[in-house]
Amino acid sequence: MTTVLITGASAGLGAAFARGFAAKGCDLVLVARDKDRLGAVAGALAREYGTASEVLPADLLDPADLDAVAERLADRARPVDILVNNAGFGLPAPFPYSPVEDEERMLDLLVKVPLRLTHAALPGLRARRHGAVVNVSSVAGLLPTGTYGAAKAWITAFSESLRVDMEPHNVRVLAVVPGFTRTEFQERAGMDVSALRDAVWLDPAAVVEQALKDLALRRPVSITGRRYQAYALAVRHLPRTFVARKLARRRRPPADLDA
């Protein structure tokens, strides 16, 4: 029986990954801060799929909680076969206008946490010569889109590099690179997305479905939808200075600082 540990599993893409793996008959370790929401997800999956879910409440920015999740991943007596690094958040203002403490917290969750958890999982995966690491990145990482995009560019590059290192050990590594997805992410970040057309939005289940297909096919990167696949292809060939100027017009300081 395959066991999958998913961070940020109480909602959004994390909950969608839990559902996707449960549908395949996997056991789950669900990690997030909200114990009650995790319990609700676990209960729903048990009723629908008969899935056994271990609920592991943890604030991954708390060193003791992060240690506990890393120890769970390293437990050879209860092996985890697939790690999904999904937890994250964004900030509403560009870097020059964000409190540096918020920027540091975001960087820790998007970079330090997946690095630490992946490092904890790898020895067991190598020893068993099977399993996978799935890192949730973003199309924001394809272009100069602030510190969130910079962190996501790191997670994509990290995933592609790690994939090369783990291939001799039969361990798969996938970077999932979604576009705008209908989750709580934008609301929690305080982002105004009212101007976005319906056509740009992805369904979380569709992102997970594509990711699981790409994982099975051992692809390095998973991008859902022709629109975003074309976007990813195009930005590789656009002059970076041109793109930066276009994006700069859209990134404005908060109204109370725009004086």
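As a reminder, the structure under discussion sits directly above these lines.
All figures in this text were calculated on a predicted structure; none of them were measured in a lab.

Cut-offs applied
- Residues numbered from 1 in each chain as written.
- Predicted model: local features only at pLDDT ≥ 70, side-chain atom pairs only at ≥ 80, totals over all residues.
- Heavy atoms only, no water.
- Helix = DSSP H or I, 4+ residues; strand = E, 2+ residues; numbered from the N terminus.
- Buried < 20%, exposed > 50% of the residue type's maximum accessible area, 1.4 Å probe, protein only.
- Contact = heavy atoms within 4.5 Å.
- Pairing = 2+ DSSP bridges.
- Axes fitted to C-alpha atoms, helices over the stretch in contact; angles between N-to-C directions.
- Parallel < 35°, antiparallel > 145°, perpendicular 65-115°, else oblique.
- Nonpolar A, V, L, I, M, F, W, Y, C, P; charged D, E, K, R; others polar.
- Left-handed = near helix turned anticlockwise from the far one by under 90°.
- Phe/Tyr/Trp six-rings, centres within 6.5 Å; stacked < 30°, edge-to-face > 60°.

A.B. asks: Explain the overall build of the protein here, please?
C.D. replies: Across its full length, the protein holds nine helices and seven strands. Put simply, the protein has 259 residues, and 44% of those count as buried. When contacts within the protein are restricted to residue pairs at least 6 apart in sequence, long-range pairs at least 24 apart make up 68% of them.

A.B. asks: For this particular structure, what's the right way to read the sheet that holds strand S6 (residues 172-176)?
C.D. replies: Backbone hydrogen bonds hold the strands of a sheet together, and the pairing may be parallel or antiparallel. Across the sheet, seven strands lie side by side as S3-S2-S1-S4-S5-S6-S7; this open sheet has parallel pairing. The two strands at the open ends of the sheet, each matched to only one other strand, are strand S3 (53-57) and strand S7 (221-222). In terms of strand pairing, strand S5 (residues 132-136) meets S6 through five bridges, oriented parallel. By the bridge assignment for S6, Val134 is matched with Leu174. Helix H1 (residues 12-23) contacts strand S1 (3-7), strand S2 (27-32), strand S4 (82-85), S5 and S6 of the sheet and is inclined by roughly 170 degrees relative to S1.

A.B. asks: Sorry, what's going on with the packing of helix H4 (residues 100-128) against helix H5 (residues 146-166) here?
C.D. replies: Helix packing for two helices is described by the angle between their axes and how far apart those axes are. At a closest axis distance of 10 Å, the pairing of H4 and H5 adopts a crossing angle of 10 degrees. As the angle between them shows, H4 and H5 are arranged roughly parallel. Note on element contacts: H5 touches H4 through Thr147, Tyr148, Ala151, Lys152, Trp154, Ile155, Phe158, Leu162 and Met166, opposite Glu103, Met106, Leu107, Leu110, Val111, Pro114, Leu115, Thr118, Leu122 and Arg126. Tallied by class, residues from the contact of H4 with H5 come to 14 nonpolar, two polar and three charged.

A.B. asks: Can you walk me through unusual backbone geometry in this structure?
C.D. replies: Glycine aside, negative phi is the norm for most residues, and most peptide bonds take the trans geometry. For Asn170, which is not glycine, the phi torsion reads 65 degrees and is therefore positive. Counting through the fold element by element, Asn170 comes out in the loop between H5 and S6.

A.B. asks: I tried to follow the packing of helix H3 (residues 63-74) against H4 on my own but got confused; where do I start?
C.D. replies: With their axes 7 Å apart at the nearest point, H3 and H4 run at an angle of 30 degrees to one another. Put simply, H3 runs roughly parallel to H4. The crossing of H3 and H4 is right-handed. The residues of H4 that touch H3, namely those facing Leu66, Asp67, Val69, Ala70, Leu73 and Ala74, are Val113, Arg116, Leu117, Ala120 and Ala121.

A.B. asks: Which parts of the structure should I look at to understand the side chain of Asn135?
C.D. replies: Examined against the element boundaries, Asn135 turns out to sit in strand S5. Once you skip the residues sitting within four places of it in the chain, Asn135 turns out to touch Asn85, Thr118, Ile155, Phe158, Ser159, Leu174, Ala175 and Val176.

A.B. asks: Whenever I open this one, the packing of aromatic side chains confuses me. Can you help?
C.D. replies: Aromatic ring pairs: the centre-centre distance and the angle between the two ring planes describe each pair. Enumeration over the complete set of coordinates arrives at two aromatic pairs. Centroid distance Phe17 to Phe21: 6.3 Å. Interplanar angle 25 degrees. Geometry classified as stacked. Here Phe17 and its partner Phe21 are both found in helix H1, four residues apart, which amounts to about one turn of the helix. The pair formed by Phe17 and Phe21 is uniform in burial state, with each residue classed as buried.

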